[in-house]
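Spelled out, the chains give:
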Amino acid sequence: MKVEKLDYFGRGIIREKDKIIFVENALEEEEVEVRVLKEKKKYMEAEVAFFKTKNKNRVEPVCPYYSSCGGCMLMHMNPSYQSEFKRRKVEEILSRGIGEDITVSEVVESSFYHYRNKVVLHVENGKFGFFEKKTNHLIEMKECLLLKDSMNPILSILREYVKKEKGITKITIKLGNQTNEVMILLEGRVKSYQEILPFLDVLVINNKVVSDKKRITSIIGKKEYLVSKNSFFQVNEEITEKLYDKILFYIKKNKAENVLDLYCGTGTIGIYISPYVEKVVGVEVVEDAICDANQNKERNKAFNVSFLLGKVEDHLDVFKEDIDTVIIDPPRKGLDSSVVDLLNEKKIKTILYVSCNPITLGRDLKKLGANYHIVEVTPFDMFPNTYHVECVCVLNRR
């Protein structure tokens, strides 16, 4: 059968009579024989049993775990094909969500491998790795090609450590951008940890810091940021700086003065743009992130930035201030309806919407469409070799 197109997860789509077949590891225009894995009333899930013809953009995955590991989904596509897949995906989702054709810019790319500064490893019986696709079966791994180069040697140390400490169930590793400072978070029963202390800067066991140092430092552009155990920080250093520079470009272009930074995390974006505006007010619900944000403000001498702790919808009074620009970087669920209502009500000049979920972005853009027009939508490949994509959408008041 011939593959028509790809779905939003990068699976091939084949139509067979009254059913759709979703095929793992299949690309457009390929002729394949498939093996059905699951059958439902209206669709089937399948894998390729045999390729009769192959797409010219297909490449051989270099990762030995790719066929079984659930971490990557697009490693059989070359980089340019991945980028075009993501651009078209965003364009189609937004056009459907808004109800009119939307043009999406070319994807801003990053290094294809060795880009992640964070990894979460599952641990069972003294072995660690990632879960197999769609299961909780552990795939033991020696290295991950997506991780920063300096992180894989840490895996070797931890591999020997978990053989002795078999009560550990999960390991999270965070690496500071440019500083290469290491934070390790352990979960489970931990009897001894002294032997790994020399190889790291911060150690957290079951959410309690047991090392002398409590935070690591990450650098974006010329700004330094503290990162604690519960703080969110983007995993791709290269693409994060490019994304922040896109926001900064519009801050400068529109001569922004008073900026509201919603879902601000550790204050990274607000501090990044602070030299070019009069004032920034950030709002964030995670207490650790706000603590880091206030220290980051002092560290970078960004004294025109202030932060509020709490849900964005609980701090709607900040909209009463003289705001000309709003930066939004919400979780995957997108904006609360009360926030959308206030954005529509207030005559804010520019909205810079950072989104990790095109579906909720499209929903929110439709709600804002009567009062704001889209200037630009730019996808950023924050997660190469996966179907995830980050976007920056620029909106101006009509």
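Everything in this summary refers to the structure shown in the same document. All residue numbers refer to positions counted from 1 along the written sequence of the respective chain. For a predicted model such as this one, the threshold for reporting local features is a pLDDT of at least 70, and the threshold for listing and counting side-chain atom pairs is 80 or more; totals across whole chains, interfaces and linings nevertheless cover every residue. Hydrogens and waters are ignored; side-chain quantities use all the structure's heavy atoms.

Quick look at the sheet that holds strand 11 (residues 202-205) now. Within the open sheet, the seven strands sit side by side as 8-7-6-9-10-11-12. Their pairing is mixed. The sheet is open, and its two borders are formed by strand 8 (138-140) and strand 12 (208-209), each paired with just one other strand. Whether two strands pair comes down to DSSP finding at least two bridges between them. Secondary structure counts use DSSP, requiring at least four H or I residues in a row for a helix and at least two E residues in a row for a strand, with both numbered from the N terminus. As defined by bridge partners, strand 10 (residues 182-188) adjoins strand 11 across four bridges and the pair is classed as parallel. Within strand 11, the residue paired with I184 across the bridge is L203. Where helix 2 (residues 152-164) meets the sheet, it contacts strand 6 (118-124), strand 7 (127-131), strand 9 (168-175) and strand 10, and its direction lies at approximately 160° from that of strand 9. Residues count as neighbours in contact if any of their non-hydrogen atoms are within 4.5 Å of one another. Orientation is described by axes fitted as lines to C-alpha atoms, over the contacting stretch for helices, and by angles from 0 to 180 degrees between their N-to-C directions.

Read from one edge of the open sheet, five strands run 1-2-3-5-4, paired in mixed fashion. With partners counted over all chains shown, the strands left at the sheet margins are strand 1 (5-6) and strand 4 (32-39), one partner each. Pairing between strand 1 and strand 2 (residues 12-16): two bridges, direction antiparallel. Looking across to strand 2, one finds that K5 is bridged to I13.

Turning our attention to the layout of surface pockets. Throughout, the protein atoms alone are placed on a 1 Å grid, and a set of points is a cavity if a 1.4 Å probe fits but cannot get out or a pocket if it is open with protein on both sides within 12 Å along at least five of seven lines; lining residues have an atom within 4 Å of a point. Grid points are joined across faces, edges and corners, and a volume is the space filled by probe spheres set on the points. Of the volumes computed, that of the second largest pocket is approximately 600 Å³. In terms of lining residues, the second largest pocket is bounded by 24 residues, among which E24, N25, E47, S67 and K133 are the most central. Tallying contributions element by element places strand 5 (residues 43-51) first for the lining of the second largest pocket, with four residues. Each residue belonging to the lining of the second largest pocket can be placed in one class, and the counts come to nine nonpolar, five polar and ten charged. Charged residues are taken to be Asp, Glu, Lys and Arg, nonpolar residues to be Ala, Val, Leu, Ile, Met, Phe, Trp, Tyr, Cys and Pro, and polar residues to be all remaining types, Gly included.

Quick look at helix 2 now. At 3.6 residues per turn, the α-helix brings residues three or four places apart onto the same side. Of the residues making up helix 2, those classed as buried are N152, I154, L155, L158, R159, Y161 and V162. Looking at the buried positions of helix 2, the neighbouring elements they touch are strand 6, strand 7, strand 9 and strand 10. A 1.4 Å probe rolled over the protein chains alone gives each residue an accessible area, and that area as a share of the maximum for its type sets the label: buried under 20%, exposed over 50%, partly exposed in between.

To continue, consider the side chain of T268. The topology assignment puts T268 in helix 4 (residues 268-273). A relative accessible area of 7% means that T268 is categorised as buried. The residues contacting T268, other than those within four sequence positions of it, are Y225, F233 and Y244.

A few words now on the pairing of strand 2. Successive side chains on a regular strand alternate, one facing one side of the sheet and the next facing the other. A loop of five residues connects strand 1 with strand 2, the two strands running antiparallel in sequence, and G10 in this loop sits at a positive phi of about 85°. Pairing geometry for strand 2 and strand 3 (residues 19-24), over five bridges, is antiparallel. Paired with G12 across the bridge in strand 3 is V23. Between strand 2 and strand 3, which pair antiparallel in sequence order, lie two residues; one of them, K17, sits at a positive phi of approximately 60°.

Right, let's get into the nonpolar core. Grouping buried Ala, Val, Leu, Ile, Met, Phe, Trp, Tyr and Cys residues that are joined through side-chain atoms within 4.5 Å yields what is termed a nonpolar core. I171, I173 and I184 are the most contacted members of the largest nonpolar core, which totals 74 residues. Per-element tally for this core: the top contributor is helix 3 (residues 237-253), with seven residues. Grouped together as the second largest cluster of nonpolar side chains are 33 residues, L260, L365, Y372 and L395 included.

Another aspect to go through is the side chain of N236. Within the fold, N236 resides in the loop between strand 14 (223-227) and helix 3. Looking at N236, the relative accessible area reads 1%, which means it is buried. Here a polar contact means two N or O atoms within 3.5 Å. Within protein one must be a hydrogen donor candidate and the other an acceptor candidate, and residues neighboring in sequence count only if both atoms are side-chain atoms. Polar contacts involving the side chain of N236 include one to the main-chain amide nitrogen of I239, which spans 3.1 Å. In this structure the side chain of N236 is engaged in a polar contact, spanning 3.1 Å, whose partner is the backbone oxygen of M382. The residues touching N236, leaving out its near neighbours within four places in the chain, are S110, Y115, N117, D381, M382 and P384.

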